Amino acid sequence: MMWCISLLLLVLESAHYERANQYFQQQRFAEAEAELSAALRENPDLVPALTLKAKLAMAFNRFDEARAALLRAAELQPDSAGVQFLLGFFYSVDNDFHKAVAALEIARKLNPADPRITFYLALSRDGLGQADAAAALYETTIQLEKTAGKSAPDVHVAYARLLFSLGRFEESGEQVTLALKLNPRSRDAHYEQGRLAYERGDFSRAAEEGEKAIAIQGAGTLDRQIHFLLGRAYGKLGQKELSASHLAKFKAADASLRR
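Everything numeric here is computed off the predicted structure, so don't read it as measured data.

Section: the confidence of the model for the protein
No. 1: For the protein, the average pLDDT comes to 92, and 93% of its residues sit at 70 or higher.
No. 2: Predicted confidence for residues 1-12 stays below pLDDT 50, and this span has 1 contact to residues more than four positions away or in other chains.

Considerations on the packing of aromatic side chains
No. 1: Applying the stated criterion across every chain, the model contains 13 aromatic pairs.
No. 2: A centroid spacing of 5.4 Å and a plane angle of 40° characterise the contact between Phe63 and Phe90, whose relative ring orientation is tilted. Placement of Phe63 in helix α4 (residues 63-76) and of Phe90 in helix α5 (residues 81-93) is noted, with a sequence separation of 27 residues between them.
No. 3: Taking relative accessible area as the criterion, Phe90 reaches 0% and is therefore assigned buried.

Some points on the nonpolar core
No. 1: Leu36, Phe90, Tyr138, Tyr159 and Leu162 are the most contacted members of the largest nonpolar core, which has 46 residues in total.
No. 2: Leave out the neighbours within four places in its chain, and Tyr159 touches Ala135, Tyr138, Glu139, Ile142 and Gln175.
No. 3: Listed in part, the 12 residues of the second largest apolar core include Tyr191, Ala197, Tyr198 and Ile226.

So, the pattern of salt bridges
No. 1: Under the criterion given, the structure shown has 18 salt bridges.
No. 2: Here Arg116 makes a salt bridge to Asp114, at a shortest N to O gap of 2.9 Å.
No. 3: The class of Asp114 is buried, set by a relative accessible area of 11%.
No. 4: The partner of Arg161 in a salt bridge is Asp188, and the shortest N-O contact between them spans 3.6 Å. Here Arg161, found in helix α9 (residues 153-165), pairs with Asp188, found in helix α11 (residues 187-200); they are 27 residues apart in sequence, far enough to count as distant.
No. 5: Relative accessible area serves as the criterion here: at 32%, Arg161 is assigned to the partly exposed category.
No. 6: The exposure class assigned to Asp188 is buried, which follows from its relative accessible area of 16%.
No. 7: Via salt bridges that share partners, Arg161, Asp188, Glu192 and Arg195 belong to a single interconnected network.

Parameters and conventions
- All residue numbers refer to position in the chain's written sequence, counted from 1.
- With the structure being a predicted model, the display of local features is reserved for residues of pLDDT at least 70 and the display and counting of side-chain atom pairs for 80 or more, all residues being used for whole-chain, interface and lining totals.
- Side-chain figures throughout are based on the complete set of non-hydrogen atoms in the structure, without hydrogens or water.
- Each residue carries a pLDDT value, the predictor's own confidence for that position, ranging from 0 to 100.
- Two residues form a contact once any of their heavy atoms are found within 4.5 Å.
- The pairing test for Phe, Tyr and Trp rings, Trp by its six-membered ring, is centres within 6.5 Å, and the orientation test on the planes gives stacked under 30 degrees, edge-to-face over 60, and tilted for anything in between.
- For helices the rule is a DSSP run of H or I covering at least 4 residues; for strands it is a run of E covering at least 2, with both sets numbered from the N terminus onward.
- Per-residue accessibility, obtained with a 1.4 Å probe over protein chains only, is compared with the maximum for each type, and a residue is labelled buried under 20%, exposed over 50%, and partly exposed between these values.
- For our purposes a nonpolar core is just a set of buried Ala, Val, Leu, Ile, Met, Phe, Trp, Tyr and Cys residues, chained together by side-chain atoms within 4.5 Å.
- A side-chain nitrogen of Lys or Arg and a carboxyl oxygen of Asp or Glu constitute a salt bridge if their distance falls within 4 Å.

The following block contains the structure:
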């Protein structure tokens, strides 16, 4: 009789979790949270539910809740590459790069073929100012993505930014070109192209790329960064009104750090 009850509870847990996951993917977050709460009431140690709880909490900037859920999941399944990756991803987004590196190194040992893990490890090393280690990891990520047949512009943009910060402008430009081949409408890549053009003294190209970037909506490069680029570029071109307009928008924009 007891095994029947246990089996029934397991089925209920799974049903609640599956519905929560479906609602989350559909961005029906209130329903997802209700089903998730039901799943965790039945089994507080259901790891997939804990990781989904963390994702949902992060979506609404409830970072203490996300941290607690992921730490519990990692305690329950320390050898899960997926759990360690999510924990490292969380710390990376939370700008706690030392902890991010620790979790992501574990995840990478468990699943060295996953380019996402290596990419976020590169970003975290980059965040710690470990340029050589980050560059090597960006290169590895690019190769892993090629092997998987899933190349994306993000790694090229991130690598381009590192190379730019090191004054390696030609190599940075090569990475931006690769990013734009993968996505001609990459806001980040057009902004980086504009920065490189400004560095070369090609202020017309800098303004052109900045205008392309500001016209593309999306996360990543902030409007204020693009307005600053455009304000400087138009200033160099002698277009005082445009320059003043963009610099005013730059100054008025929210300068706070965002996750």
